[in-house]
Amino acid sequence: MYNSIIKGTGYYVPENIVTNDDLSKIMDTSDEWIQERTGIQQRHFATKGKDTTTNMGVRAAEMAIAKANINKEDIDFLIFATLSPDYYFPGCGVLAQKELGLNTIGALDIRNQCSGFVYALSVADQFIKTGMYKNILVIASETQSPALDLTTRGRNMAVLFGDGAGAVILSRTEEVGKGILSSHLHSEGAYAEELAIITPGVGKKWVTELIKENNPEDISYFPHMNGQFVFKNAVVRFSEVIVEGLKHNNLTEKEIDLFIPHQANLRISQFIQQKFKLSDEKVFNNIQKYGNTTAASIAIALAEAVEQKRIKENDLVLLAAFGSGFTWGSVVIRW
Ligand code: ACO
(Lines give C-alpha, C1' and ligand atoms only; values in the text may rest on other atoms or scores of the structure.)
Protein backbone atom coordinates (compact mmCIF):
# COMPACT_ATOMS: atom_id res chain seq x y z
CA MET A 1 0.00 0.00 0.00
CA TYR A 2 1.11 3.55 -0.80
CA ASN A 3 0.27 6.84 0.93
CA SER A 4 -0.91 10.07 -0.64
CA ILE A 5 0.54 13.49 0.04
CA ILE A 6 -0.75 16.88 -0.97
CA LYS A 7 1.95 18.02 -3.35
CA GLY A 8 0.45 21.28 -4.57
CA THR A 9 -2.45 23.57 -3.68
CA GLY A 10 -4.19 26.35 -5.59
CA TYR A 11 -7.20 28.64 -5.43
CA TYR A 12 -9.05 31.24 -7.42
CA VAL A 13 -11.76 33.69 -6.46
CA PRO A 14 -13.61 35.96 -8.90
CA GLU A 15 -12.65 39.64 -8.93
CA ASN A 16 -16.09 41.00 -8.05
CA ILE A 17 -16.26 41.68 -4.29
CA VAL A 18 -19.70 42.14 -2.73
CA THR A 19 -19.69 43.64 0.75
CA ASN A 20 -22.42 43.36 3.37
CA ASP A 21 -23.23 47.02 2.71
CA ASP A 22 -23.69 46.20 -1.00
CA LEU A 23 -26.23 43.53 -0.04
CA SER A 24 -28.03 45.88 2.36
CA LYS A 25 -28.77 48.13 -0.65
CA ILE A 26 -30.76 45.37 -2.40
CA MET A 27 -32.39 43.62 0.58
CA ASP A 28 -33.39 44.34 4.16
CA THR A 29 -30.21 43.31 5.98
CA SER A 30 -27.22 44.98 7.62
CA ASP A 31 -23.48 44.57 8.02
CA GLU A 32 -24.06 44.30 11.77
CA TRP A 33 -26.61 41.44 11.47
CA ILE A 34 -24.47 39.47 9.03
CA GLN A 35 -21.20 39.88 10.95
CA GLU A 36 -22.78 39.12 14.31
CA ARG A 37 -24.52 35.92 13.11
CA THR A 38 -21.94 34.62 10.62
CA GLY A 39 -18.63 36.54 10.80
CA ILE A 40 -18.87 37.27 7.05
CA GLN A 41 -17.70 40.73 5.91
CA GLN A 42 -17.69 40.22 2.14
CA ARG A 43 -17.83 37.54 -0.54
CA HIS A 44 -16.79 37.24 -4.19
CA PHE A 45 -19.46 36.80 -6.88
CA ALA A 46 -18.76 35.39 -10.34
CA THR A 47 -19.17 37.73 -13.30
CA LYS A 48 -21.54 36.40 -15.96
CA GLY A 49 -19.76 35.56 -19.19
CA LYS A 50 -16.38 35.49 -17.46
CA ASP A 51 -16.35 33.16 -14.47
CA THR A 52 -17.80 29.67 -14.54
CA THR A 53 -17.54 26.80 -12.08
CA THR A 54 -15.27 25.01 -14.55
CA ASN A 55 -12.97 27.87 -15.47
CA MET A 56 -12.49 28.99 -11.86
CA GLY A 57 -11.66 25.38 -10.99
CA VAL A 58 -9.22 25.25 -13.89
CA ARG A 59 -7.44 28.42 -12.67
CA ALA A 60 -7.13 26.90 -9.18
CA ALA A 61 -5.90 23.66 -10.75
CA GLU A 62 -3.24 25.43 -12.82
CA MET A 63 -1.85 26.97 -9.62
CA ALA A 64 -1.89 23.59 -7.84
CA ILE A 65 -0.10 21.93 -10.78
CA ALA A 66 2.57 24.66 -10.82
CA LYS A 67 3.08 24.41 -7.04
CA ALA A 68 3.31 20.63 -7.26
CA ASN A 69 6.00 21.09 -9.90
CA ILE A 70 4.63 18.32 -12.09
CA ASN A 71 3.66 18.23 -15.74
CA LYS A 72 0.01 18.03 -16.75
CA GLU A 73 0.86 14.74 -18.47
CA ASP A 74 1.69 13.26 -15.05
CA ILE A 75 -1.92 13.63 -13.86
CA ASP A 76 -3.73 10.33 -14.26
CA PHE A 77 -7.17 11.10 -12.80
CA LEU A 78 -9.39 14.09 -12.07
CA ILE A 79 -12.08 14.52 -9.41
CA PHE A 80 -14.37 17.57 -9.45
CA ALA A 81 -16.60 18.47 -6.49
CA THR A 82 -19.41 21.01 -6.88
CA LEU A 83 -23.11 21.57 -6.21
CA SER A 84 -23.25 24.29 -8.87
CA PRO A 85 -22.19 22.60 -12.12
CA ASP A 86 -22.14 24.57 -15.36
CA TYR A 87 -24.47 22.08 -17.05
CA TYR A 88 -27.19 19.83 -15.67
CA PHE A 89 -25.13 17.13 -17.36
CA PRO A 90 -22.34 16.30 -18.09
CA GLY A 91 -20.51 17.36 -14.94
CA CYS A 92 -17.64 19.83 -14.60
CA GLY A 93 -15.09 16.99 -14.43
CA VAL A 94 -15.06 16.41 -18.18
CA LEU A 95 -15.25 20.15 -18.90
CA ALA A 96 -12.16 20.76 -16.74
CA GLN A 97 -10.42 17.79 -18.37
CA LYS A 98 -11.03 19.42 -21.76
CA GLU A 99 -9.98 22.94 -20.65
CA LEU A 100 -6.79 21.65 -19.06
CA GLY A 101 -6.01 19.48 -22.08
CA LEU A 102 -5.63 16.40 -19.91
CA ASN A 103 -5.67 13.83 -22.69
CA THR A 104 -8.35 11.17 -22.00
CA ILE A 105 -7.84 10.56 -18.28
CA GLY A 106 -10.88 9.61 -16.21
CA ALA A 107 -12.94 12.44 -14.71
CA LEU A 108 -15.27 11.87 -11.76
CA ASP A 109 -17.87 14.28 -10.36
CA ILE A 110 -18.67 14.45 -6.66
CA ARG A 111 -22.05 15.77 -5.45
CA ASN A 112 -21.63 16.16 -1.71
CA GLN A 113 -22.18 19.88 -1.20
CA CYS A 114 -20.18 21.37 1.71
CA SER A 115 -18.49 18.00 2.30
CA GLY A 116 -17.61 17.64 -1.39
CA PHE A 117 -13.90 18.37 -1.03
CA VAL A 118 -13.50 16.01 1.94
CA TYR A 119 -15.33 13.26 0.02
CA ALA A 120 -13.22 13.96 -3.10
CA LEU A 121 -9.95 13.81 -1.14
CA SER A 122 -11.01 10.55 0.46
CA VAL A 123 -11.88 8.97 -2.91
CA ALA A 124 -8.59 10.17 -4.43
CA ASP A 125 -6.68 8.80 -1.44
CA GLN A 126 -8.20 5.33 -1.94
CA PHE A 127 -7.15 5.28 -5.62
CA ILE A 128 -3.59 6.21 -4.63
CA LYS A 129 -3.38 3.82 -1.69
CA THR A 130 -4.34 0.88 -3.89
CA GLY A 131 -1.72 1.85 -6.49
CA MET A 132 -4.21 2.56 -9.28
CA TYR A 133 -3.09 6.18 -9.79
CA LYS A 134 0.00 8.27 -8.96
CA ASN A 135 -1.14 11.88 -9.30
CA ILE A 136 -4.77 12.93 -8.92
CA LEU A 137 -6.07 16.43 -9.50
CA VAL A 138 -8.87 17.28 -7.06
CA ILE A 139 -10.87 20.42 -7.87
CA ALA A 140 -13.67 21.97 -5.80
CA SER A 141 -15.45 24.95 -7.30
CA GLU A 142 -18.75 26.79 -6.86
CA THR A 143 -20.74 29.48 -8.66
CA GLN A 144 -23.59 29.90 -6.20
CA SER A 145 -24.46 33.57 -6.63
CA PRO A 146 -26.78 33.16 -9.68
CA ALA A 147 -28.97 30.73 -7.70
CA LEU A 148 -29.46 33.01 -4.68
CA ASP A 149 -32.66 34.93 -4.08
CA LEU A 150 -31.01 38.35 -3.69
CA THR A 151 -34.11 39.97 -2.20
CA THR A 152 -35.38 40.30 1.37
CA ARG A 153 -37.36 37.07 0.86
CA GLY A 154 -34.12 35.10 0.42
CA ARG A 155 -31.90 37.05 2.83
CA ASN A 156 -31.34 34.22 5.32
CA MET A 157 -29.47 32.30 2.58
CA ALA A 158 -28.31 35.08 0.26
CA VAL A 159 -25.94 36.70 2.75
CA LEU A 160 -24.07 33.45 3.48
CA PHE A 161 -22.72 32.24 0.17
CA GLY A 162 -19.88 33.17 -2.18
CA ASP A 163 -18.16 31.86 -5.31
CA GLY A 164 -14.63 30.50 -5.80
CA ALA A 165 -12.48 27.45 -6.34
CA GLY A 166 -9.66 25.46 -4.79
CA ALA A 167 -7.59 22.52 -6.01
CA VAL A 168 -4.91 20.10 -4.89
CA ILE A 169 -2.57 17.60 -6.49
CA LEU A 170 -2.59 14.40 -4.47
CA SER A 171 0.45 12.23 -5.18
CA ARG A 172 1.77 8.82 -4.29
CA THR A 173 4.50 8.49 -1.66
CA GLU A 174 6.15 5.40 -0.23
CA GLU A 175 7.02 7.23 3.00
CA VAL A 176 5.23 5.66 5.97
CA GLY A 177 3.22 7.87 8.33
CA LYS A 178 3.09 10.75 5.85
CA GLY A 179 0.22 12.37 4.01
CA ILE A 180 -3.42 11.40 4.48
CA LEU A 181 -3.55 9.20 7.58
CA SER A 182 -7.27 8.54 7.37
CA SER A 183 -10.61 9.90 6.19
CA HIS A 184 -14.06 9.43 7.70
CA LEU A 185 -17.28 9.94 5.75
CA HIS A 186 -20.91 10.06 6.89
CA SER A 187 -24.37 11.03 5.71
CA GLU A 188 -27.94 11.24 6.98
CA GLY A 189 -30.42 11.47 4.12
CA ALA A 190 -33.32 11.77 6.56
CA TYR A 191 -32.52 15.51 6.56
CA ALA A 192 -31.96 15.94 2.80
CA GLU A 193 -34.67 18.61 2.51
CA GLU A 194 -33.44 20.71 5.45
CA LEU A 195 -30.82 22.32 3.21
CA ALA A 196 -31.55 21.89 -0.45
CA ILE A 197 -32.62 23.18 -3.84
CA ILE A 198 -35.56 20.94 -4.71
CA THR A 199 -36.36 22.00 -8.29
CA PRO A 200 -35.78 21.81 -11.16
CA GLY A 201 -35.33 18.09 -10.76
CA VAL A 202 -36.96 15.08 -12.30
CA GLY A 203 -38.11 13.99 -8.82
CA LYS A 204 -40.47 16.87 -7.99
CA LYS A 205 -40.77 19.35 -10.82
CA TRP A 206 -38.90 19.71 -14.07
CA VAL A 207 -38.26 23.06 -15.86
CA THR A 208 -41.20 22.56 -18.24
CA GLU A 209 -43.61 22.24 -15.31
CA LEU A 210 -42.18 25.32 -13.60
CA ILE A 211 -42.67 27.32 -16.80
CA LYS A 212 -46.18 25.93 -17.36
CA GLU A 213 -47.26 26.74 -13.80
CA ASN A 214 -45.61 30.18 -13.93
CA ASN A 215 -46.29 30.57 -10.20
CA PRO A 216 -44.45 33.55 -8.65
CA GLU A 217 -45.11 32.07 -5.18
CA ASP A 218 -43.14 28.93 -6.05
CA ILE A 219 -39.63 29.45 -4.71
CA SER A 220 -38.60 25.79 -4.85
CA TYR A 221 -35.76 26.64 -7.25
CA PHE A 222 -34.05 28.82 -4.63
CA PRO A 223 -31.94 27.25 -1.89
CA HIS A 224 -33.90 26.46 1.26
CA MET A 225 -32.31 26.06 4.70
CA ASN A 226 -33.66 25.35 8.15
CA GLY A 227 -30.84 27.48 9.63
CA GLN A 228 -31.07 26.68 13.32
CA PHE A 229 -31.55 22.96 12.68
CA VAL A 230 -28.51 22.94 10.40
CA PHE A 231 -26.49 24.84 13.01
CA LYS A 232 -27.39 22.35 15.78
CA ASN A 233 -26.55 19.33 13.64
CA ALA A 234 -23.35 20.91 12.34
CA VAL A 235 -21.77 21.44 15.76
CA VAL A 236 -22.61 17.88 16.86
CA ARG A 237 -21.43 16.17 13.66
CA PHE A 238 -18.29 18.31 13.33
CA SER A 239 -17.32 17.31 16.87
CA GLU A 240 -18.06 13.61 16.33
CA VAL A 241 -16.09 13.31 13.12
CA ILE A 242 -13.10 15.18 14.57
CA VAL A 243 -13.01 12.80 17.53
CA GLU A 244 -13.40 9.85 15.15
CA GLY A 245 -10.41 10.99 13.07
CA LEU A 246 -8.21 11.61 16.10
CA LYS A 247 -9.13 8.33 17.84
CA HIS A 248 -8.55 6.31 14.69
CA ASN A 249 -4.94 7.55 14.66
CA ASN A 250 -4.39 7.42 18.45
CA LEU A 251 -4.08 11.19 18.54
CA THR A 252 -5.54 13.85 20.84
CA GLU A 253 -6.74 17.36 20.09
CA LYS A 254 -3.55 18.71 21.70
CA GLU A 255 -1.59 17.29 18.77
CA ILE A 256 -3.52 19.25 16.13
CA ASP A 257 -1.28 21.88 14.50
CA LEU A 258 -3.90 23.31 12.17
CA PHE A 259 -7.64 22.72 12.04
CA ILE A 260 -9.30 23.79 8.80
CA PRO A 261 -13.07 23.59 9.13
CA HIS A 262 -15.51 23.99 6.27
CA GLN A 263 -16.24 27.71 6.30
CA ALA A 264 -19.98 27.48 6.98
CA ASN A 265 -20.33 30.09 9.65
CA LEU A 266 -17.66 31.63 11.90
CA ARG A 267 -19.87 30.88 14.92
CA ILE A 268 -19.80 27.15 14.15
CA SER A 269 -15.98 27.22 13.79
CA GLN A 270 -15.62 29.17 17.05
CA PHE A 271 -17.87 26.71 18.87
CA ILE A 272 -15.67 23.82 17.73
CA GLN A 273 -12.50 25.76 18.54
CA GLN A 274 -13.69 26.31 22.11
CA LYS A 275 -14.90 22.75 22.52
CA PHE A 276 -11.52 21.32 21.54
CA LYS A 277 -9.61 24.11 23.33
CA LEU A 278 -7.67 25.11 20.23
CA SER A 279 -5.73 28.41 20.26
CA ASP A 280 -6.42 30.98 17.50
CA GLU A 281 -3.26 30.09 15.57
CA LYS A 282 -4.43 26.46 15.33
CA VAL A 283 -7.66 27.27 13.51
CA PHE A 284 -7.83 28.64 9.96
CA ASN A 285 -10.77 30.88 9.09
CA ASN A 286 -11.27 32.94 5.95
CA ILE A 287 -15.08 33.08 5.81
CA GLN A 288 -14.77 36.78 6.63
CA LYS A 289 -13.45 37.39 3.07
CA TYR A 290 -15.20 34.73 1.03
CA GLY A 291 -18.45 33.74 2.74
CA ASN A 292 -19.44 30.09 2.50
CA THR A 293 -18.05 28.68 -0.76
CA THR A 294 -19.50 25.21 -0.07
CA ALA A 295 -17.33 22.46 -1.67
CA ALA A 296 -14.55 24.96 -2.42
CA SER A 297 -14.25 26.33 1.11
CA ILE A 298 -11.72 23.90 2.63
CA ALA A 299 -9.76 23.73 -0.64
CA ILE A 300 -9.41 27.53 -0.74
CA ALA A 301 -8.57 27.67 2.98
CA LEU A 302 -5.95 24.93 2.64
CA ALA A 303 -4.29 26.72 -0.28
CA GLU A 304 -4.27 30.01 1.64
CA ALA A 305 -2.90 28.32 4.75
CA VAL A 306 -0.03 26.89 2.67
CA GLU A 307 0.54 30.28 1.00
CA GLN A 308 0.64 31.99 4.42
CA LYS A 309 3.09 29.36 5.69
CA ARG A 310 0.68 28.27 8.41
CA ILE A 311 1.59 24.61 7.72
CA LYS A 312 5.06 23.14 8.23
CA GLU A 313 6.50 19.74 7.37
CA ASN A 314 5.22 17.07 9.78
CA ASP A 315 2.36 19.24 11.07
CA LEU A 316 -0.88 17.48 11.91
CA VAL A 317 -3.61 19.06 9.79
CA LEU A 318 -7.25 18.23 10.38
CA LEU A 319 -9.96 19.00 7.82
CA ALA A 320 -13.63 18.66 8.74
CA ALA A 321 -16.86 19.46 6.93
CA PHE A 322 -20.60 19.33 7.42
CA GLY A 323 -23.32 20.30 5.00
CA SER A 324 -26.35 19.57 2.89
CA GLY A 325 -27.35 15.94 2.63
CA PHE A 326 -26.70 15.94 5.52
CA THR A 327 -23.14 14.84 4.79
CA TRP A 328 -20.07 15.25 6.93
CA GLY A 329 -16.50 13.99 7.14
CA SER A 330 -12.93 14.55 8.25
CA VAL A 331 -9.45 14.01 6.83
CA VAL A 332 -6.39 13.65 9.07
CA ILE A 333 -3.11 14.64 7.39
CA ARG A 334 0.51 14.40 8.51
CA TRP A 335 2.02 17.11 6.30
N1 ACO B 1 -30.53 40.10 7.65
C2 ACO B 1 -31.33 40.55 8.60
N3 ACO B 1 -32.22 39.78 9.24
C4 ACO B 1 -32.31 38.50 8.88
C5 ACO B 1 -31.50 37.95 7.87
C6 ACO B 1 -30.59 38.81 7.24
N7 ACO B 1 -29.77 38.39 6.26
N8 ACO B 1 -31.81 36.66 7.73
C9 ACO B 1 -32.76 36.37 8.62
N10 ACO B 1 -33.08 37.49 9.32
C11 ACO B 1 -34.06 37.66 10.37
C12 ACO B 1 -35.15 36.63 10.30
O13 ACO B 1 -36.17 37.03 9.43
C14 ACO B 1 -35.61 36.58 11.74
O15 ACO B 1 -36.45 37.66 11.96
P16 ACO B 1 -37.75 37.50 12.94
O17 ACO B 1 -37.17 37.13 14.27
O18 ACO B 1 -38.37 38.85 12.88
O19 ACO B 1 -38.56 36.41 12.33
C20 ACO B 1 -34.35 36.82 12.54
O21 ACO B 1 -33.42 37.45 11.62
C22 ACO B 1 -33.70 35.56 13.06
O23 ACO B 1 -33.68 34.60 11.98
P24 ACO B 1 -33.08 33.18 12.17
O25 ACO B 1 -33.12 32.46 10.87
O26 ACO B 1 -33.73 32.53 13.35
O27 ACO B 1 -31.59 33.60 12.50
P28 ACO B 1 -30.49 32.76 13.20
O29 ACO B 1 -30.13 33.43 14.45
O30 ACO B 1 -30.82 31.30 13.22
O31 ACO B 1 -29.30 32.96 12.19
C32 ACO B 1 -28.18 31.74 10.49
C33 ACO B 1 -29.41 32.55 10.85
C34 ACO B 1 -26.98 32.65 10.57
C35 ACO B 1 -28.33 31.25 9.05
C36 ACO B 1 -28.07 30.56 11.46
O37 ACO B 1 -29.24 29.84 11.54
C38 ACO B 1 -26.95 29.66 11.11
O39 ACO B 1 -25.81 30.00 11.25
N40 ACO B 1 -27.27 28.44 10.72
C41 ACO B 1 -26.24 27.48 10.41
C42 ACO B 1 -26.33 27.13 9.07
C43 ACO B 1 -25.24 27.63 8.23
O44 ACO B 1 -24.26 28.20 8.62
N45 ACO B 1 -25.44 27.34 6.99
C46 ACO B 1 -24.48 27.64 6.02
C47 ACO B 1 -24.72 26.70 4.89
S48 ACO B 1 -24.77 25.08 5.42
C49 ACO B 1 -23.30 24.61 5.70
O50 ACO B 1 -22.39 25.06 5.05
C51 ACO B 1 -23.12 23.70 6.78
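Residues numbered from 1 in each chain as written. Predicted model: local features only at pLDDT ≥ 70, side-chain atom pairs only at ≥ 80, totals over all residues. Heavy atoms only, no water.

Turning next to helix 5 (residues 116-129). Its 14 residues place the ends of helix 5 20 Å apart at the C-alpha level, agreeing with the 20 Å of an ideal helix rising 1.5 Å per residue. Among the 14 residues that make up helix 5, eleven are buried, leaving the element largely enclosed by the rest of the structure. What helix 5 keeps buried is the set Gly116, Phe117, Val118, Tyr119, Ala120, Leu121, Ser122, Ala124, Asp125, Ile128 and Lys129. Immediately beyond the C-terminal end of helix 5, within one or two residues, lies glycine 131, with a positive phi of roughly 90°. (Helix = DSSP H or I, 4+ residues; strand = E, 2+ residues; numbered from the N terminus. Expected span 1.5 Å × (residues − 1). Buried < 20%, exposed > 50% of the residue type's maximum accessible area, 1.4 Å probe, protein only.)

Next up on the list: the nonpolar core. Counting residues in hydrophobic clusters, the biggest one holds 39 residues, and the most contacted among them are Phe238, Ile242, Ile256, Phe259 and Phe322. Of all elements in the fold, only helix 6 (155-158), helix 8 (227-248), helix 9 (266-275), strand 12 (316-323) and strand 13 (327-334) reach the threshold of two or more residues within this core. Of the residues forming this core, the biggest block, seven residues, is contributed by helix 8. Counting the residues that make up this core, at least three belong to each of domain 1 (3-176) and domain 2 (180-334). Contact partners of phenylalanine 259, with chain neighbours within four places excluded, come to Ile242, Ile272, Leu278, Lys282, Val283, Phe284, Leu318 and Ala320. In terms of nonpolar packing, the next biggest core, distinct from the first, is built from 35 residues, Ala124, Ile128, Val168 and Ala299 among them. (Core = buried A, V, L, I, M, F, W, Y, C linked by side-chain atoms within 4.5 Å. Domains from an automatic or database assignment. Contact = heavy atoms within 4.5 Å.)

Close to the ligand lie 24 residues, the nearest being Thr29, Gln228, His262, Asn265 and Asn292. The separation between a nitrogen atom of the ligand and a polar main-chain atom of glycine 227 is 2.9 Å. One of the side-chain N or O atoms of asparagine 265 is found 2.4 Å from an oxygen atom in the ligand. A total of 1000 Å² of accessible area belongs to the ligand in isolation, and the protein chains cover 73% of it. Only helix 2 (31-38), helix 6, helix 8 and strand 12 provide two or more residues apiece to the shell around the ligand. A per-element tally of the shell around the ligand places helix 8 first, with four residues. Taken together, the residues of the shell around the ligand sort by class into twelve nonpolar, nine polar and three charged. (Near = heavy atom within 4 Å. Polar contact = N/O pair within 3.5 Å; in protein donor to acceptor, adjacent residues only side chain to side chain. Areas by Shrake-Rupley, 256 points an atom, 1.4 Å probe, with all protein chains shown as cover. Nonpolar A, V, L, I, M, F, W, Y, C, P; charged D, E, K, R; others polar.)

This next bit is on unusual backbone geometry. For the bond running from phenylalanine 89 to proline 90, omega is 0°, close enough to zero to count as cis. Among the structural elements, proline 90 can be located in the loop between strand 4 (77-81) and helix 4 (92-100). Threonine 199 connects to proline 200 through a cis peptide bond whose omega is -5°. Note on placement: proline 200 falls in the loop between strand 9 (195-196) and helix 7 (207-213). Phi is positive for asparagine 214, close to 45°, though the residue is something other than glycine. Its location among the elements puts asparagine 214 in the loop between helix 7 and strand 10 (224-225). Taking the relative accessible area as the measure of exposure, asparagine 214 reaches 62% and is therefore exposed. Even without glycine at this site, asparagine 250 takes up a positive phi of about 55°.

It helps to recall that an α-helix has 3.6 residues per turn; residues three or four apart then point in one direction. Among the residues making up helix 4, those that are buried are Cys92, Gly93, Leu95, Ala96, Gln97 and Leu100. Backbone geometry just downstream of helix 4 places glycine 101 in the positive-phi region, at approximately 65°.

We now examine the domain arrangement of the protein. Here the domain parsing of the protein yields domain 1 (3-176) and domain 2 (180-334). Put simply, the middle of domain 1 and the middle of domain 2, counted by C-alpha atoms, are 13 Å apart. On the domain 2 side, the residues contacting the 55 residues of domain 1 number 52 residues. When domain 1 packs against domain 2, close to 3900 Å² is buried across both sides, 63% of that on carbon and sulfur atoms. Contact with domain 2 buries surface across domain 1, with Tyr11, Cys114 and Val118 losing the most and accounting together for 17% of the total. Scanning the region where domain 1 abuts domain 2 turns up zero salt bridges. (Buried area = accessible area lost by both parts, 1.4 Å probe. Salt bridge = Lys/Arg side-chain N within 4 Å of Asp/Glu carboxyl O.)

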